[in-house]
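Given next are the chains, with one letter for each unit.
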Amino acid sequence: MSTKVGIVGSGIVGQTLANGFVTHGYDVMIGTNTPGKREELTSKTKGKAKVGSFEDAATFGEIVVVATKGTAAEAALKAAGIASLKGKTVIDTTNPIADAPPVNGVLQYFTSQNESLMERLQAAAPEAHFVKAFSCIGNAFMVNPDFNGVRPTMFICGNHDGAKSEVKTILDRFGFEVADMGTAEGARAIEPLCILWCIPGFLNNSWTHAFKLLTR
Ligand SMILES: NC(=O)c1ccc[n+]([C@@H]2O[C@H](COP(=O)([O-])OP(=O)(O)OC[C@H]3O[C@@H](n4cnc5c(N)ncnc54)[C@H](OP(=O)(O)O)[C@@H]3O)[C@@H](O)[C@H]2O)c1
């Protein structure tokens, strides 16, 4: 029996990860709260992922992925049903991007430096095991990225070691080296990596890079 993954979020990240999990043998449901999008999602996942509401996806998944717009993430979790997340690994891909334009290529966040969106989500669903992942790379490189044989680094964090171990296995299959940045507070450092990642894109239309942590 393959592991069931429920994806709360129907944008490009939700679709990319849905297809990635299908490719890697997981049983996938992608969720949208816009019923009119369901047909398109079936087509975008070539009929290989089930399609439902946020609540359907969160209930279906043994592992749940949150892939909504940052400003909508808390509301989306509530729509998905906090109770159905209890005891589950929840992969948080979101970034707290404000509804305001970048300043000279630098995204604006609605969180401050001494907090993070993932901590807010963890507080909203205290019995879920949140793990930050996939937040610091563009969707084009989220599944088996090709950087001439070099594995990019995916920075993760979260409070539950078992959940992080589960996400490390997924990231290894998806072609990443993993750098564990500790507990949920680590998201205060990981989420801003998205700001850094996007600067070459906004300034020079260069979007084809990834982070690599060098160690010796
Ligand atoms: N795009 C990337 O390459 C990338 C890379 C790394 C991380 N991220 C992060 O991943 C997350 C998803 O990004 P994305 O680009 O796939 O799409 P997005 O446009 O940021 O999010 C789309 C999802 O957000 C939901 N949503 C939007 N407004 C909502 C509202 N007011 N109430 C409830 N739900 C709402 C949509 O719901 P419906 O399904 O009902 O339409 C949809 O499921 C974001 O937090 C982003 O910062 C993105």
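A short tour of the structure in this document, coming up.

All right, on to the overall build of the protein then. Scanning the protein from N- to C-terminus turns up eight helices and eight strands. For the protein, whose C-alpha radius of gyration is 16 Å, the value lies close to the compact-globule estimate of 17 Å for 216 residues. Projecting the C-alpha coordinates of the protein onto the three principal axes gives extents of approximately 40 × 35 × 35 Å. For the protein, restricting intrachain contacts to residue pairs at least 6 apart in sequence, the fraction spanning at least 24 positions comes to 68%. By element, 52% of the accessible surface of the protein is carried by carbon and sulfur atoms, the whole surface being about 10000 Å². The positive charge centre, built from 20 side chains, and the negative charge centre, built from 20, are 3 Å apart in the protein.

This part is about the site of the ligand. Near the ligand there are 25 residues, and of these Ser10, Thr32, Thr34, Lys37 and Thr68 occur at the shortest range. Between the ligand and Asn33 there is a distance of 3.0 Å, counted from an oxygen atom to a backbone nitrogen or oxygen. Note that an oxygen atom of the ligand is positioned 3.0 Å from one of the backbone N or O atoms of Lys69. Out of a free accessible area of 890 Å², the ligand has 71% covered by protein chains. For the shell around the ligand, a count of residues per class yields nine nonpolar, 14 polar and two charged.

Side-chain positions along a regular strand alternate between the two faces of the sheet. Neither face of strand E6 (residues 129-132) is open: one carries His129 and Val131, the other Phe130 and Lys132, and all of them are buried. Taken together, the four bridges between strand E5 (residues 89-92) and E6 define a ladder with parallel strand orientation. Considered in E6, the bridge of Ile91 is made with Val131. Once the chain exits E5 it traverses helix H5 (residues 117-124) before rejoining the sheet at E6, and the crossover so formed is right-handed. Across two bridges, E6 lies against strand E7 (residues 153-158) in antiparallel orientation. In the sheet register, Val131 faces E7, and the bridge partner there is Gly158.

Turning our attention to the sheet that holds strand E3 (residues 50-52). The strand order across the open sheet built from eight strands is E3-E2-E1-E4-E5-E6-E7-E8, with neighbouring strands paired in mixed fashion. In this open sheet, the two edge strands, each paired with only one partner strand, are E3 and strand E8 (177-180). The mean inter-strand angle of the sheet, taken between neighbouring strand axes irrespective of direction, is 25°. Judged from the three bridges that link them, strand E2 (residues 27-31) and E3 form a sheet pairing that is parallel.

Judged by nonpolar contacts, the single largest core of 64 residues is most densely connected at Ile7, Phe21, Ile91, Phe130 and Phe134. Among the elements that make up this core, the one with the highest residue count is helix H8 (residues 193-204) (five residues). Those residues in contact with Phe21 that sit more than four places away from it in its chain are Val5, Ile7, Tyr26, Val28, Val65, Ile91, Ile170 and Phe174.

Take the pattern of salt bridges next. This model, assessed by the stated rule, comprises eleven salt bridges. Across the salt bridge formed by Glu177 and Lys212, the nearest N and O atoms sit 2.9 Å from each other. Here Glu177, found in strand E8, pairs with Lys212, found in the segment after H8; they are 35 residues apart in sequence, far enough to count as distant. Several salt bridges share partner residues, and in doing so they unite Asp92, Lys132 and Glu191 into one network.

Inspection of the secondary structure puts Lys88 in the loop between helix H4 (73-80) and E5. An unpaired buried charge is present at Lys88: no salt bridge exists, and Glu62, the closest side chain of opposite charge, is 8.6 Å distant. Among the polar contacts made by the side chain of Lys88, one reaches the main-chain carbonyl oxygen of Ser84 at a distance of 3.0 Å. What Lys88 contacts, discounting residues up to four positions off in sequence, is Ala58, Thr59, Gly61, Glu62, Val64, Ala128 and His129.

This part takes up the state of the cysteines. Cysteine pairs can be covalently joined through their sulfur atoms, and such a bond is termed a disulfide. The tally for this structure, following the rule as stated, stands at zero disulfides. Here Cys157 stays unpaired: no disulfide links it, and the sulfur of Cys136, its closest cysteine neighbor, is 11 Å away. Residue classification places Cys157 among the buried positions, given a relative accessible area of 0%. Cysteine Cys194 is unpaired, with the sulfur of Cys198 as its nearest cysteine sulfur at 4.2 Å. Owing to a relative accessible area of 7%, Cys194 belongs among the buried residues under this scheme.

Here is what the cut-offs are and how they apply
- The written sequence of each chain sets the order in which its residues are numbered from 1.
- With pLDDT at 70 or above as the cut-off, local features in this predicted model cover only qualifying residues; side-chain atom pairs require 80 or more to be listed or tallied, and sums for whole chains, interfaces and linings still use all residues.
- Only heavy atoms go into the side-chain values, all of them from the structure, while hydrogens and water stay out.
- Helix and strand definitions follow DSSP, with helices as H or I runs of at least four residues and strands as E runs of at least two, each counted in order from the N terminus.
- In this setup the radius of gyration rests on C-alpha atoms only. A globule is expected at 2.2 Å times the number of residues raised to 0.38.
- Contacts were defined at the residue level, with two residues in contact if any of their heavy atoms lie within 4.5 Å.
- Note that accessible areas follow from Shrake-Rupley with a 1.4 Å probe, and for residues the cover is restricted to the protein chains shown.
- Charge counting follows a simple rule: Lys and Arg are positive, Asp and Glu are negative, and His as well as the terminal groups are ignored.
- Each charge is placed at NZ for Lys, CZ for Arg, CG for Asp and CD for Glu.
- Being near a molecule or strand, for a residue, means having at least one of its heavy atoms within 4 Å of it.
- We call two N or O atoms a polar contact when they sit within 3.5 Å, provided that within protein one can donate a hydrogen and the other can accept it, with sequence-adjacent residues counted only if both atoms are side-chain atoms.
- Any residue outside Ala, Val, Leu, Ile, Met, Phe, Trp, Tyr, Cys, Pro, Asp, Glu, Lys and Arg is labelled polar, Gly included; the first ten of those are nonpolar and the last four are charged.
- Relative accessibility under 20% of the residue-type maximum defines a buried residue, over 50% an exposed one, and the middle range a partly exposed one, all with a 1.4 Å probe and only protein chains included.
- Pairing between strands is defined by DSSP: at least two bridges between the two strands are required.
- Crossover handedness is defined by viewing with both strands directed away from the observer: a clockwise path from the first strand over the helix to the second marks the crossover as right-handed.
- Angular values range over 0 to 180 degrees, each being the angle between N-to-C directions of two axes fitted as lines to C-alpha atoms, with helices fitted over their stretch in contact.
- As used here, the term nonpolar core means buried Ala, Val, Leu, Ile, Met, Phe, Trp, Tyr and Cys residues forming a set that is joined through side-chain atoms within 4.5 Å.
- Salt bridge, as used here: a side-chain nitrogen of Lys or Arg that lies within 4 Å of a carboxyl oxygen of Asp or Glu.
- Two cysteine sulfurs form a disulfide in these notes if their separation is within 2.5 Å.

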